[in-house]
Structure formats: C-alpha cells, structure tokens
Amino acid sequence: MKLVLAAESGQVHLTSQTRIVAAVIAIFFMLMILELIRRDRLQERYSVIWFIAGLGMLAGAAFPGLLEVVANLMGVRNTNVALFSLVLLGLLGLALNFSVIMSRQAAQITRLAQERAIEKAQRQAAEQRNGSGSSGEQTLKSEEQSL
Amino acid sequence: MRTLVFIPAWNEEASVTTVIADVRKALPEADILVVDDGSTDATAERVREAGALVASLPFNQGLGAALQTGYLYALRSGYDACAHLDADGQHPAEEVARLLAEVAADRADLVIGSRYHSGAVAASGDYKPTFSRRIGISVFRFFLTLATRQRFTDTTSGMRAANRRVMALFSEHYSPDFAEIESLQLAVRQGLRVEELPVRMLERVGGTSFLTPLRSAFFIFKGLVVLLVGQFRPRHAEAER
C-alpha cells in the first residue's frame, strides 16, 4: 500500500505584496492590544492570547515556508485550507474560553448581589429585634438613597 | 425550633401582602423573608409595610438565584428549618405548615409539596394543569424518576420545606436556569432524604403562564440536557472538601 503524501505538490500562494500587508496588519493588531491595555480597557491576563495570535500572524507573513510545514504535518495539500482550519479551530477554542469566563463571572455577580441583599435583610432583622421597626425602615431607606 | 419562610417575588405587589398575611396566620412563629428578585414595582415597599423582612436583589437574577438567596439567608442566620412558597397566591400557607412538620419530625431533609400526587384531594377552584403542561409534566416526571430512581410526581413545585443539610447544599449549588428539577436530582444524589407530600394548590389568580407550545418544547429540551449533565456531576461533593 502506497501512502499518499497530501503535500506532495505543496504550493504557497503568498505574494510579497500580501506578505507585507499581513505583516502590517499583525503589527497594527499588536499595537492596538498594547493601547487597550494602556487605557485599562483590556486586562493583561486576557491579552496574552491575542499577542500570541499577533505573533503567529507576523511569523506567517515573514516566513511563508512555515505554513507549508504546518500543512505538511496536517496532511493537507492546500496551505490555505490548513491556515483557515487552524484559525477556525483557534477561534472556536477562544469562544469557548470566553463562555467559561462569562459563566464564572455571572456566578460571581449573582453571589455578590445575594450577599448584599442578605446583609441588608439581616440588618433589618436586627433592627426589628431591637424593637424599633419603624426607625429601621427609615435607616434602610436613607441608605438606599445614599447608594 | 427557629423557622424561616421565604417567598421569591418578582413584581408581585398585587399578591405579596396577602401571601404574607396567610403565612403569618398559618405559621405565627416563623420569620418571613421576601426575596425581591429585582422588582421594578412596589413589591419591596409592600413587604416592609407588612412588617416582613425583605432581601432585595439589585437586578432580576431568575428564580434559582432568588431561592438560593433564601437558603443562604436561612443558613447564615442559623434557622433550623426553612420553607418557601410562590408569591402569586397559588400556595396555601397551611399546606406549607404541613411540609414543615415533616422536616421538624426529621422524617425527611427536603419535602416537596406535590399537586399531582395521588393523595392530593381536588376541590373546586383547585389547580388543574393544561394539556401542553401535562405533557411536560409527564416527561420530566419520567426522566427525573429514571435519574434518581425515586418516584416524583410534581417536579417543578415551588413549595418546599428543608432542614440545615439542604440549606448548606443549596446555598452552594443551585442551578440558576433550571432550579426546581436539578435541585431534586442534586439532593437525591447527595444522599439526602427527599419526600413528596400531596398538597392542595389554587388556580393562579391573575396573569397567564408564559408557556407557548414552542417554548414548552424548548423548556423540555433544556430540562433534559440539564438532567443528563447532572447525572455526570460528582456525588457527595461535600465529602471531598
């Protein structure tokens, strides 16, 4: 049985023009990430993955041969297919990662809201026990206004 | 024995005062807490006027989060038993008292008030489910029974009584999306004694159910996914910690 090597006729379609455009986009992308961090719009821990993506883009533009190597490893004849499927898989993973982060934050927000509600109810209960039911309402109301 | 009755309420200014009065009459010893789930109407004011405690969530979080707030409050404030009922007036408070009696006698950790249990007596003005609702009910009943190997008739009942073991569990783990069913599965899987008691429930006074056929189908599908996932959750998570 003869193994068929998919990448036997590997072709790289990147012209130097597209390579320059890709490199410029990658550099702009990373500068944008830096700027977002600088303005506190993006936290460092969420920026690492985007820097890796930017570096990957830059590497692909600088050394198109890399893509061919990757396509070879994947057993894909067309390097474009290799590139697109890798990027798609990466984005899928990233989207899932964000869903996980979102779920965690939703749980944290809920717990925060619950803690606050419970604290206020406990204060109301303590005030009722002290026999000053009506003044208790007053303090609660004024507190709400100050918040 | 210190008892807390809590009532999750979302924009229920019309009925919450009546429900509080009803609970006071049936359970004069119990403290009453209304968990106001981000109401935009005067629910919280009505509750304060009625002299009951109110825990206001700053924004609407869904029934699961509201119920969990009640369990957490009961746990933190050292109550021996707690119960909850709906704020729309469908649940008579004397039935809640019967559930609490089961918990007080330590015959169960968690007691569910069931509309459909064969022992429930039907009277005029009592709750009668619609056709599409009956389908959903039987589907959930079948799968929950399969998942827990325990017979449940009313899987979505919002009338329950519980002791401290349940409070400790539910204040940590309570699904915000599919609270009623998943919590039963969780409690049984954690080895708690869950029991159903036939109760009378009334027809809802105002408003209609939110369920359309499409929504019902989606609701059922979501419920089945939740149950399936729940089967793969670790047992006795408390013991591991």
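Sequence positions are assigned chain by chain, starting from 1 and proceeding in written order. Throughout, the order in which chains and ligands are written sets their labels, letters from A for the former and numbers from 1 for the latter. The predicted nature of this model means local features are confined to residues of pLDDT at least 70 and side-chain atom pairs, given and counted, to a pLDDT of 80 or more, with totals for whole chains, interfaces and linings taken over all residues.

### A word on the overall build of chain B
At step 1: Here a strand is any run of E in DSSP of at least two residues, a helix any run of H or I of at least four, and the numbering for each starts at the N terminus. A count of helices and strands for chain B gives 9 helices and 7 strands.
At step 2: With C-beta atoms placed from the backbone, a residue counts as buried when 20 or more other C-beta atoms lie within 10 Å of its own, as exposed when 12 or fewer do, and as partly exposed for counts between those limits. By residue count, 46% of the 241 residues in chain B fall in the buried class.
At step 3: We call two residues in contact if the C-beta atoms placed from their backbones are at most 7 Å apart. At a minimum sequence separation of 6, the contacts of chain B that also span at least 24 residues come to 76%.

### A few points about the interface of chain A and chain B
At step 1: In this assembly, 13 residues from chain A lie in contact with 19 residues from chain B.
At step 2: Counting only elements with at least two residues in the side of chain A that touches chain B, the list comes to α4 (79–129) and α5 (133–146) of chain A.
At step 3: Examining the composition of the side of chain A that touches chain B, we find that 11 residues originate from one element, α4(A), more than from any other.

### Digging into the pairing of strand β3 (residues 53–57) of chain B
Residue and element names in this part refer to chain B.
At step 1: Taking burial as the measure, the 5 residues of β3 include 5 buried ones, the bulk of the element.
At step 2: The alternating pattern of β3 places Leu-53, Ala-55 and Leu-57 and Val-54 and Ser-56 on opposite faces, both of which are buried.
At step 3: Two strands qualify as a pair provided that DSSP identifies no fewer than 2 bridges between them. Bridge analysis of strand β2 (residues 31–37) against β3 gives 5 bridges, and the strand direction is parallel. Paired with Val-35 across the strands is Ala-55, a residue of β3.

### Remarks on unusual backbone geometry
At step 1: With phi around 55°, Asn11(B) is a residue other than glycine that occupies positive phi space.
At step 2: With respect to the helices and strands, the residue Asn11(B) is situated in the loop between β1 (3–9) and α1 (16–26).

### Re α4(A)
Residue and element names in this part refer to chain A.
At step 1: For a helix, the expected span equals 1.5 Å multiplied by the number of residues minus one. An ideal rise of 1.5 Å per residue puts 75 Å on 51 residues; α4 measures up with 75 Å between its terminal C-alpha atoms.
At step 2: Taken as a whole, α4 has its buried residues at Thr-79, Ala-82, Thr-110, Ala-113, Gln-114, Ala-117, Ile-118, Ala-121 and Gln-124.
At step 3: Downstream of α4 by one or two residues, Gly-131 has phi in the positive range, about 80°.

### Thoughts on the confidence of the model for chain A
At step 1: Values of pLDDT, ranging from 0 to 100, describe the predictor's confidence in every residue of the model. Of the residues in chain A, 80% reach a pLDDT of 70 or more, and the chain-wide mean stands at 82.
At step 2: Confidence drops under a pLDDT of 50 for residues 6–10 of chain A, and excluding neighbours within four residues, the segment shows 12 contacts in the predicted structure.

### Topic: the packing of helix α3 (residues 63–76) of chain B against helix α6 (residues 164–172) of chain B
All names here are of chain B.
At step 1: One way to put it is that α3 packs onto α6 with a least axis distance of 8 Å and a crossing angle of 130°. The orientation of α3 with respect to α6, classified from their angle, is oblique. Where α3 crosses over α6, the handedness of that crossing is left-handed. Contact with α3, carried on its side by Gln-68, Tyr-71, Leu-72, Ala-74 and Leu-75, involves Arg-164, Met-167, Ala-168, Phe-170 and Ser-171 of α6 and no other residues of that element.
At step 2: Asp, Glu, Lys and Arg are counted as charged, while Ala, Val, Leu, Ile, Met, Phe, Trp, Tyr, Cys and Pro are counted as nonpolar; the rest, among them Gly, fall into the polar class. Partitioning the contact of α3 with α6 into residue classes produces 7 nonpolar, 2 polar and 1 charged. As a rule, the C-alpha atoms of each element are fitted with a line to give its axis, helices using only the stretch in contact, and angles between N-to-C directions run from 0 to 180 degrees. The cut-offs work like this: below 35 degrees is roughly parallel, past 145 is roughly antiparallel, 65 to 115 is roughly perpendicular, and the gaps in between are oblique. Crossings are sorted by hand: turned counterclockwise from the far helix by less than a right angle, the near helix makes the crossing left-handed, and turned clockwise it makes it right-handed.

### Examining the environment of Tyr73(B)
At step 1: Within the secondary structure, Tyr73(B) sits in helix α3.
At step 2: A C-alpha to C-alpha distance of 8.9 Å links Tyr73(B) and Ala55(B), two positions 18 residues apart in sequence.

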